[in-house]
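# Structure assessment
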Amino acid sequence: MRRSLVATAAVAALALAGCTNGGDSGTTTTTPTSGAVSPETVAYMDKVCGAASEFAKVEKTAPKLDAGDSAKLKAEMAAYMGQLADAFTKSAEGLKNVGPSPVAGGDEAVTKMSETFTSLGTVFTDAKTKVEQADANNATGGLQAAGEAIAKLSELADPLRDLQGVPELQKATQTAPKCQEMQRLNLTPTS
């Protein structure tokens, strides 16, 4: 049992490492290259990227694999799931508060982004509960839930993918400072 616990945790940690480091799922965002973008649109996208990137700023400490102490691993994994849940919830709330979009389709796109972050927050909250409820001597079920939650991070390979249908907002990401910061943090694929 202990071996499967460690194997499951290893898979979860590796999957998370790939996703939180901006793991590219092979998709890229295409951005229009012609036409000017209004300063209002750039300012709006700065708010959107600032809110979306909040999840990256919340301290998240991945559990260290310790084959000898399953209770400790269980507690650390539960704490980690809680940190991720809080991070995504914070971004979702921030996206809900960016204000009205200056371009058509922007409100819908940002609402969809917020829903994605809310959904991920719920997934990690549920995983935290399952990890906490798992038997420390046979925590595989709880760690499996953590691994499944971490696998959901692929939905966020490009946090701005919901903007693909709004060319003006995509174009604004090229100059909005917080969108540029997201790219420097490798949180979004480059076009």
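If you're wondering where the values come from, they're calculated on a predicted model, not measured in any experiment.

With that settled, consider the overall build of the protein chain. Counting its regular elements, the protein chain contains 8 helices and 0 strands. Looking at the protein chain as a whole, 42% of its 191 residues are labelled buried. In the protein chain, 81% of the contacts between residues at least 6 apart in sequence involve partners at least 24 apart. By element, 53% of the accessible surface of the protein chain is carried by carbon and sulfur atoms, the whole surface being about 9,400 Å².

Model confidence for the protein chain is summarised by a mean pLDDT of 76, while 72% of its residues fall at 70 or above. Per-element averaging of pLDDT across the protein chain places helix H1 (residues 2–20) at the bottom with 34 and helix H2 (residues 39–52) at the top with 95.

What follows is about the environment of glutamate 132. You can see glutamate 132 is positioned in helix H5 (residues 106–133). Distance from glutamate 132 to methionine 77, taken between C-alpha atoms, is 8.7 Å for residues 55 residues apart in sequence. Residues contacting glutamate 132, with those up to four places away along its chain left out, are Lys74 and Ala78.

What follows is about the side chain of aspartate 46. Within the secondary structure layout, aspartate 46 lies in helix H2. Buried charged residue aspartate 46 carries no salt bridge. Nearest counter-charge: lysine 178, at 4.7 Å. Ignoring anything within four residues of it in the chain, the contact list for aspartate 46 reads Ala176, Pro177, Lys178 and Cys179.

On to the side chain of serine 91. Here serine 91 is to be found in helix H4 (residues 70–96). The exposure class of serine 91 is buried, given its relative accessible area of 0%. Contacts of serine 91, omitting those with residues within four sequence positions, involve Ala51, Ala52, Ser53, Glu54, Phe55 and Phe117.

Right, let's talk about the packing of H2 against helix H8 (residues 177–184) for a bit. When two helices pack together, their arrangement is captured by the angle between the axes and the distance separating the axes. It is the contact of H2 with H8, at a shortest axis distance of 6 Å, that shows an interaxial angle of 40 degrees. For the pair formed by H2 and H8, the contact residues are Met45, Asp46, Cys49, Gly50 and Ala52 on the first element and Pro177, Lys178, Cys179 and Met182 on the second. Here the contact of H2 with H8 is composed, by residue class, of 6 nonpolar, 1 polar and 2 charged.

Within the largest apolar cluster, 42 residues are counted, with the highest numbers of intra-cluster contacts made by Met45, Val48, Met81, Phe88, Leu95 and Phe124. Of all the elements in the fold, those that place two or more residues in this core are H2, H4, H5, helix H6 (140–151), helix H7 (167–172) and H8. Not counting chain neighbours up to four residues away, the residues in contact with methionine 45 comprise Leu163, Leu169, Ala172, Thr173, Ala176 and Cys179.

Right, let's get into the environment of proline 63. Structurally, proline 63 is set in the loop between helix H3 (54–57) and H4. When the C-alpha positions of proline 63 and leucine 73 are compared, they lie 6.6 Å apart, and in sequence the two are 10 residues distant. Excluding residues that lie within four positions of it along the chain, proline 63 makes contacts with Leu73, Glu76, Met77 and Tyr80.

What counts and how
- Residues numbered from 1 in each chain as written.
- Predicted model: local features only at pLDDT ≥ 70, side-chain atom pairs only at ≥ 80, totals over all residues.
- Heavy atoms only, no water.
- Helix = DSSP H or I, 4+ residues; strand = E, 2+ residues; numbered from the N terminus.
- Buried < 20%, exposed > 50% of the residue type's maximum accessible area, 1.4 Å probe, protein only.
- Contact = heavy atoms within 4.5 Å.
- Areas by Shrake-Rupley, 256 points an atom, 1.4 Å probe, with all protein chains shown as cover.
- pLDDT = per-residue confidence, 0-100.
- Lys, Arg positive; Asp, Glu negative; His and termini not counted.
- Salt bridge = Lys/Arg side-chain N within 4 Å of Asp/Glu carboxyl O.
- Axes fitted to C-alpha atoms, helices over the stretch in contact; angles between N-to-C directions.
- Nonpolar A, V, L, I, M, F, W, Y, C, P; charged D, E, K, R; others polar.
- Core = buried A, V, L, I, M, F, W, Y, C linked by side-chain atoms within 4.5 Å.

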